[in-house]
Amino acid sequence: MALFGFVSAVVPIVMTGIILTHRSIHLFGDTIDLRGGAYTFAFLGIILLFCFAVTAVFAISMVLIQNRKRDRLIEQWPTFDPLDERNRETELTKFMTKRFGEEKFRQNVRLYRVQPDQNLDTHELAKMGQVDKEKVLAERQAEREALEEVGDRHA
């Protein structure tokens, strides 16, 4: 298999070199004209150059589109913040416990009848889960200042 692979790689390379460097070859007493092969390689070169140009235009345009998308979407306010998610989860768990009972009861009950006063408004959970970003930033800044103050005391 290794010998077959070696021959499969070397023969085309040698043939290409012969076709590009010689106008004709003498093989078994016959003269073979190789100018047609040179024209074929020139034609293939033009096709490959065209394919390279199309690929380059596509790749460059995709890079520009992705960079623009990243600038618009990803570098804005983070889409997932673990601290906000934990606060939201805690708040929603408290709300559900207050409105529908303990979590263990809610998970294990087979039939539960919701009373009219327990119904949720259309966007009640969405509104409840929204985080006031300015408030969170202020809290984090206060935490940083407190940590810096503690660090200054220890130093």
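In this report, the structure presented in the accompanying data block is examined. (Residues numbered from 1 in each chain as written. Predicted model: local features only at pLDDT ≥ 70, side-chain atom pairs only at ≥ 80, totals over all residues. Heavy atoms only, no water.)

## Let's talk about helix α3 (residues 82–100)
Each α-helix winds once per 3.6 residues, and so residues spaced three or four apart point in a common direction. So the rule is basically this: In DSSP terms, a helix is any run of H or I states spanning at least four residues, a strand is any run of E spanning at least two, and both are numbered starting from the N terminus. Each helix should span, by expectation, one fewer than its residue count multiplied by 1.5 Å. Per-residue accessibility, obtained with a 1.4 Å probe over protein chains only, is compared with the maximum for each type, and a residue is labelled buried under 20%, exposed over 50%, and partly exposed between these values. Think of it as the arc spanned by the lines of direction from the helix axis to the C-beta atoms.
With 19 residues, α3 extends 26 Å from end C-alpha to end C-alpha; this agrees with the ideal 27 Å at 1.5 Å per step. For α3, every residue scored as buried is listed here: D84, L92, F95, M96 and F100. Axial view of α3: buried residues confined to an arc of 95°, hence all on one face. Of the exposed residues in α3, those oriented more than 90 degrees away from the buried face are P82, R86, K94 and K98. Remark: G101 follows α3 within two positions and exhibits a positive phi of approximately 105°.

## Observations regarding the environment of F41
Quick reminder of the rule: We call two residues in contact whenever any of their non-hydrogen atoms come within 4.5 Å of each other.
For F41, the location among the structural elements is in helix α2 (residues 35–74). For F41 and T16, which are 25 residues apart along the polypeptide, the C-alpha to C-alpha distance reads 8.7 Å. The contact partners of F41, leaving out residues within four places of it in the chain, are T16, I19 and L20.

## Here's the deal with the side chain of Q118
Rules: Under the rule applied, a polar contact is a pair of N or O atoms within 3.5 Å (in protein, one hydrogen donor and one hydrogen acceptor; residues adjacent in sequence only if both atoms are side-chain atoms).
For Q118, the location among the structural elements is in the loop between α4 (103–108) and α5 (124–129). A polar side-chain atom of Q118 sits 3.0 Å from a polar atom in the side chain of Y112. Leave out the neighbours within four places in its chain, and Q118 touches R99, F100, Y112 and R113.

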